[in-house]
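# Coordinates in review
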Amino acid sequence: MTDLNRNITLGDKSVFFEKAENAYINYGEKKIKKLMGAVPVNPEIFIGRDNDITEINKKLCENDNCLLLVNGEGGIGKTTVASAYYHKYLEYYSHLAWIAVEKNIQDALLSLSLELQLHLDDIETTDKKIELILRELLTLQKPGLLVIDNANDFDDLNNIYPALRKCSSLHLLITTRVTKCSHAEMYPVNCLNEKNAKKLFVSHYAEHNPSDDNILNLVMEAVGYNTLVIELLAKNLNNFNNELNKQYSLNELLGDLRQKGLLNLSMSENVDTDYKLQKAKPEKIIEAMYDISVLDEDEKAILSLFSVLPPQNIPFKNISSLLNHSDGLDKLMLSIAHKGWIYFDKGIKSFKCSPVIQEIIRRQNGERLEADCRELINNLVSKLDYEPGTGNVTNVSYDEAATLVQYGESVCGHLFPVRGDFSILLDRIGNFYKTYGNLDKALKFFEDNLKLTKELHETFPDNMDYKNGLAVSYGKLGEAHTSLGNLDKALKFFEDFLKLTKKLNETFPNNVVFKNGLATSYGKLGSTHTSLGNLDEALKLFEDARALFEELHETFHNHVDFKNGLAISYSKLGETHTSLGNLDKALKFFEDYHKLTKEIHETFPANVGFKNGLAVSYEKLGSTHTSLGNLDKALKFFEERSRLGRELHETFPNNVKFKNGLAVSYEKLGSTHTSLGNLDKALKFFEDETTLFEKLHETYPDNVEFKNGLAVSYAELGSTYTSLGNLDKALKFFGDFLKLTKLLYETFPDNVEFTNELAISYEKLGETHTSMGNLDKALQFFEDDLKLTKELYETYPDNVGFKNGLAVSYSKLGSTHTSLGNLDKALQFFEDETTLFEELHETYPDNVGFKNGLAVSYSKLGDTHTSLGNLDKALQFFEDETTLFEELHETYPNNVEFKNGLAVSYAKLGVFFRDSKKDKPKARKYFIKAKDLWEFLVKKFPAYIEFQKNLDWVINVLNEL
């Protein structure tokens, strides 16, 4: 074959074409035109395809390869490439024939009979007619070019392929979407790269602003860089935009593609195109590229699946696993790929469908789309099943679950809303994102689920399953808003949750599912009231939850969900009694909680949710024993909690709940070792805690729980370095604590927890600057602390935590003014502190924290009045302090904080009588009482260095008396 690759400019408007149009070659009595059939349009704009022309020429000329299939998806540019080739090599072919396939290739070839001056009326069969036409083509002067455009029918092309192969002296160029035809060589036409696709767009839409390049890239990505679609969209924008007026922006186009789809543009007018030479709206032209009616039912069904899955490579094994009947699936999918509807990557054995074809399928398969995808939805739901206690997906690995969620997201985006299992799919995708830290996405899917369940409930108000589904969706949204720090929204959703579960339980009092739901709603609402500081309301709700779970557990003793629900209700009651200062009651509930979680874990050792529940129960017991002063017991419980936490984290490293739980366990161990005086060990645990929270925060920077956890870990490190005397490091970590809490506060100004933590960060920095002797700086931080705690208290006057926080801020300012020598100011702050603690103690006489705070405030007032010379007042306050500590110690003899507080109050009385009253006998009496208490504490807790220091001090004082 002759090498035709000459230096000819594409689109040359020389005399060659004019001559060619009128040129004939004589064959005896026949004069055969040089150009036969339709003459293709010479592309006015031809970008990024020059190399294709050269490569096609090489393939046709090398090794006598007479036939080449130019294949690619519809609209990618196959016809444009073939047309450009035709015009570039116009001079060098003796004859060029261009036929476009409308019905089939044989009919298209028959159209050449007139051009070849053949009379075929007497020929009986079409096959014979085609044979004669091809023979005639072979007799023509060489070289000749035959272009068959749009040969997209797989069977049609494969049937005529043997006949075409006989035309050895012709160059046959066939444009097709078919990807396999016997042993025919293929030349794939791929999409333009980003740079050339942009050039193409701009060439058709001159009003494009380079500042919109990022939007343009997203538009081209959304249409899979399909050449024809890019051209159509650009021309359509030209219809609505000019130098004076912009009616339809590129950003609006992108919004349409994302929200409405390519075939539902909000603004669309007819455009010119070389594609089939017709002027029409872009949507009509695009939809005409493919006709799904030519496929059989099984092929249509598979394409329905691909139309709702992501436009990316999807491994065959994944598709197979999502279909219940996969016999013959391999052959079916390969057949669809060979026909050019989907792309098959042989190397990774995966299939991909372009976004343009997906849209066409969704439009043409619209009425059957949901039915075709029902099996896919059901299997996604099944595979994304999770354990309620942890949210961890049970059936597949994390990576597999992440892939399935991606598929599910795409399905939801294209099919929402449909009924039934779709609600469960939305819930499971939302739960996945909640479990793995992406709360914004979780919220979106829970909101979509609420919308769907609401619609179902309104349509079928008497259907109890739909009513229950709506109730559960309220609960999910409440949990999501709780994690995001939106407590007011969470409260509203949990109230709606409770309202529906109450109705269900009243209508069907013997339905254990509805009773379980009601118990759960009590628990959720109780937790929210706890966060809002409404402990009495929370306690009542937790008691209601416990009563229902005890009833369920008693009736169905071996039902693990009810046993687990009862365990959690015990935990919530324990937490509430802890906040109320009822440590003995709290310990009893936490022991019951631990007993049940241990039973459940031993029965189901492989269940990670129950294992996590056992880990949490160890943590609760550890915290309670810490408050009771049993640090050795607490340490053992925290070590068990940490051991289980490590196992869970190692098994499920991507589960953020387990990573978060492990971080918290390190914090508990650090705090315990701090109390035991093991500051080096404590520092290591706080550093490990911080490392985990830094990873969580880095991976999920918008997750407020992890940001808050990191902030608290910085505070713990700051406190540890303070105890180690490294105030510079302490100052740095408290600065980091302030930075994060400030960010949380500014992002969620209505979240009282973050406002409170910002106040604490000011307090910590104030304490550090006090220790460093920077009293002016300390004073500023304590004043900032006071400002916030005042705002919190004034906004929530019934929140005892905020009232307590305000009292503490008064105390800090009082102490600072004492150090600055402003005793009158100090006295005022200590009096304000005492007033608040007196109110708290009077309202909550059983709350040991408030009683302890009041005792300490009396001590501050006693010290101040002593310094002011008001000795009678001072003595009264020291005696009131001692009375309260004696009551606390008598009620809670095992609480080391109260025992130590009583010892300190005796010591203060001893100092007062020794220095102010000069009464050594009375002073000795109180010093001895203090010594006896500290001796007990040192003996009981030898590792607690504070007690040893106090004991050494009082022994020295007694020796000097």
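Our structure is the block above this text.
Description of the structure in this document. Source: prediction; values computed, not measured.

## Let's talk about the overall build of the protein
- Of regular secondary structure, the protein possesses 40 helices and eleven strands.
- The C-alpha radius of gyration computed for the protein amounts to 40 Å, which surpasses the reference 30 Å derived for 961 residues by more than 25%, pointing to a less compact arrangement than a globule.
- With respect to the three principal axes, the spread of C-alpha positions in the protein is 145 × 65 × 50 Å.
- Within the protein, the proportion of its 961 residues that are buried is 54%.
- A sequence separation of at least 24 residues applies to 65% of the contacts in the protein between residues at least 6 apart.
- Of the roughly 43,100 Å² of accessible surface on the protein, a fraction of 48% belongs to carbon and sulfur atoms.
- Averaging the positions of the 110 positive and the 142 negative side-chain charges in the protein gives two centres separated by 2 Å.

## Some words on helix α32 (residues 752–771)
- With 20 residues, α32 should reach 28 Å at 1.5 Å per residue; the first-to-last C-alpha distance of 29 Å fits that figure.
- Just beyond α32, the residue with positive phi is G773, at close to 85 degrees.

## Observations concerning the nonpolar core
- Grouped together as the largest cluster of nonpolar side chains are 170 residues, with contacts concentrated most on L253, I286, I302, W341, V411, F422 and L425.
- No other element matches the nine residues that helix α23 (residues 535–555) contributes to this core.
- Y793, Y858, A874 and A903 belong to the second-largest nonpolar core, a separate cluster that totals 54 residues.

## A short note on the environment of D153
- Turning to its location among the elements, D153 is positioned in the loop between β6 (144–149) and α6 (154–165).
- Assessed through its relative accessible area of 40%, D153 is described here as partly exposed.
- The sequence separation of D153 and F652 amounts to 499 residues, and the corresponding C-alpha distance is 50 Å.
- From its side chain, D153 meets the backbone nitrogen of D156 in a polar contact 2.9 Å long.

## Quick look at the side chain of N468
- When you line up the elements, N468 lands in helix α20 (residues 464–483).
- The buried category is assigned to N468, whose relative accessible area is 18%.
- The contact partners of N468, leaving out residues within four places of it in the chain, are L504, V513 and F514.

## Quick word on the packing of helix α12 (residues 297–308) against helix α14 (residues 329–338)
- Interhelical geometry of α12 versus α14 gives an angle of 80 degrees and a closest axis separation of 10 Å. Considered as vectors, α12 and α14 are oriented roughly perpendicular to each other. Here D298, E299, I302, L303 and F306 of α12 come into contact with α14, specifically with L329, L332, M333, S335 and I336.
- Along the lines of polarity and charge, the residues of the contact of α12 with α14 split into seven nonpolar, one polar and two charged.

## Some details on the pairing of strand β4 (residues 67–71)
- Counted residue by residue, β4 has five buried out of five residues, so it is predominantly covered.
- In terms of strand pairing, β4 meets strand β7 (residues 170–176) through five bridges, oriented parallel. Bridge pairing in β7 places L69 opposite I174.
- Where β4 meets strand β8 (residues 185–188), four bridges bridge the pair, whose relative direction is parallel. Bridge pairing links N71 to P188 in β8.

How each quantity is defined
Residues numbered from 1 in each chain as written. Predicted model: local features only at pLDDT ≥ 70, side-chain atom pairs only at ≥ 80, totals over all residues. Heavy atoms only, no water. Helix = DSSP H or I, 4+ residues; strand = E, 2+ residues; numbered from the N terminus. Rg over C-alpha atoms; globule rule 2.2 N^0.38 Å. Buried < 20%, exposed > 50% of the residue type's maximum accessible area, 1.4 Å probe, protein only. Contact = heavy atoms within 4.5 Å. Areas by Shrake-Rupley, 256 points an atom, 1.4 Å probe, with all protein chains shown as cover. Lys, Arg positive; Asp, Glu negative; His and termini not counted. Charge placed at Lys NZ, Arg CZ, Asp CG, Glu CD. Expected span 1.5 Å × (residues − 1). Core = buried A, V, L, I, M, F, W, Y, C linked by side-chain atoms within 4.5 Å. Polar contact = N/O pair within 3.5 Å; in protein donor to acceptor, adjacent residues only side chain to side chain. Axes fitted to C-alpha atoms, helices over the stretch in contact; angles between N-to-C directions. Parallel < 35°, antiparallel > 145°, perpendicular 65-115°, else oblique. Nonpolar A, V, L, I, M, F, W, Y, C, P; charged D, E, K, R; others polar. Pairing = 2+ DSSP bridges.

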